[in-house]
Structure formats: C-alpha cells, structure tokens
Amino acid sequence: MATVADRIRKANPRHVVISGRGSSGNAGTLLRYLFETRAGLLVSTSAPSVLTTYRQSIDMRDAVFIVVSQSGRSPDLVMGAQSARKSGALTIAIVNDLTSPVALACELTLYVGAGLEQAVAATKSVVLSMVIGAQLIAS
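Remember, predicted model here, so these are calculated numbers, not experimental data.

**Describing the side chain of Thr91**
And then number 1: With respect to the element layout, Thr91 can be found in strand β4 (residues 90-95).
And then number 2: The class for Thr91 is buried, based on a relative accessible area of 0%.
And then number 3: A polar contact is formed between the side chain of Thr91 and the backbone nitrogen of Glu107, at a distance of 3.0 Å.
And then number 4: Excluding residues that lie within four positions of it along the chain, Thr91 makes contacts with Phe65, Ala81, Ala84, Arg85, Ala105, Cys106, Glu107 and Leu108.

Okay, structure coming up:
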C-alpha cells in the first residue's frame, strides 16, 4: 500500500481516472469521492467504449488510471489499462486475482484477497475493494 501511495505522490498527477464495471464500478465511485475530498484531485470515470468501439486513445499524461475489477478479466478493462499505460498514465489495478490480465496490464497492483467469489454481485470483493481504496487514500 505504501509503495503505491508513494508512486502516486511521485507521479504528481493532475487527475485520476477510474475504470470498473458493475459492482466494482460502484467501489470506484467511493474511490472517486475519497480522491476528490481527501487528495483534492479531480476524478473521472472512463468510458471503455471510446477505446473499444470508437478506437480512440486518450492522452493520459499526468494521470493515474485505476482499474477496479473482481475477476480482472473483462476485455474492455484490460484494453483500457493497456491504452492508459501506453498513453502515459500511472496504472493501478485493484483486483482479486493477481494473475489476471488486468493486473498484468497495470504497473501496480493492490490485492483484494477476497478468495473465490461465488455471488453474482461479488459482495466480498466489492467491500474489500472499498476498504483498499480507503487505505490507499489514508496512505
């Protein structure tokens, strides 16, 4: 956690972009509030279809790009992380699977550690993703 927080400070970002789907996207909403109220950074959510459907890349210099994903296997989230990294963002994955494509696409990973998720809403991993986000801001 301290390493990731230190890398964010050293990157001195102007803004943060959060990417997530479904319940993981809701964890990203909490992270948005935390970054804006505690770190004073403007936060936006990504629109993966800009990349996947419209084939447009976005300049991510001076940005931190955070993907929140229980499985880490959604192709649009993987593509978004890869594009953000290539475009100059510091990329961070908050995932429940350290070997997932999203985790491998990002420079830094925060492990949720929820174990095998069996609920459709991925309840354990969502709550733990929120806790990880709060710990990141506290760091």
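**A closer look at a nonpolar patch on the surface**
And then number 1: Residues Val127, Leu128 and Val131 make up a contiguous nonpolar surface patch of roughly 210 Å² in combined accessible area.
And then number 2: Structurally, the position occupied by Leu128 is in helix α6 (residues 123-138).

**Remarks on helix α2 (residues 22-39)**
And then number 1: Over its 18 residues, α2 extends 25 Å from the first C-alpha to the last, a length consistent with the 26 Å expected when each residue adds 1.5 Å.
And then number 2: Residues of α2 that are buried include every one of Ser24, Ala27, Gly28, Leu31, Leu34 and Phe35, and no others. For α2, the angular spread of the buried residues around the axis is 115 degrees, confining them to a single face. Set apart from the buried face of α2 by more than 90 degrees, the exposed residues are Gly22, Tyr33 and Thr37.
And then number 3: The inward-facing, buried residues of α2 abut α1 (2-11), β1 (15-20), β2 (42-45), β3 (63-69), β4 and α6.
And then number 4: Within two residues after α2, Gly40 carries a phi angle of roughly 70 degrees, on the positive side.

**So, the nonpolar core**
And then number 1: Grouped together as the largest cluster of nonpolar side chains are 26 residues, with contacts concentrated most on Ile8, Val16, Phe35, Ile66, Ile92 and Ile94.
And then number 2: Of all the secondary-structure elements, those providing two or more residues to this core are α1, β1, α2, β3, β4, β5 (108-111) and α6.
And then number 3: The residues contacting Ile92, other than those within four sequence positions of it, are Val4, Ile8, Val64, Phe65, Ile66, Val67, Cys106, Leu108 and Leu110.
And then number 4: Listed in part, the 16 residues of the second largest apolar core include Val67, Ala84, Val102 and Ala103.

Cut-offs applied
Residues numbered from 1 in each chain as written. Predicted model: local features only at pLDDT ≥ 70, side-chain atom pairs only at ≥ 80, totals over all residues. Heavy atoms only, no water. Helix = DSSP H or I, 4+ residues; strand = E, 2+ residues; numbered from the N terminus. Buried < 20%, exposed > 50% of the residue type's maximum accessible area, 1.4 Å probe, protein only. Polar contact = N/O pair within 3.5 Å; in protein donor to acceptor, adjacent residues only side chain to side chain. Contact = heavy atoms within 4.5 Å. Patch = residues over 30% accessible without salt bridge, like charges linked within 9 Å, V, L, I, M, F, W, Y side chains within 5 Å. Areas by Shrake-Rupley, 256 points an atom, 1.4 Å probe, with all protein chains shown as cover. Salt bridge = Lys/Arg side-chain N within 4 Å of Asp/Glu carboxyl O. Expected span 1.5 Å × (residues − 1). Arc of directions from axis to C-beta. Core = buried A, V, L, I, M, F, W, Y, C linked by side-chain atoms within 4.5 Å.

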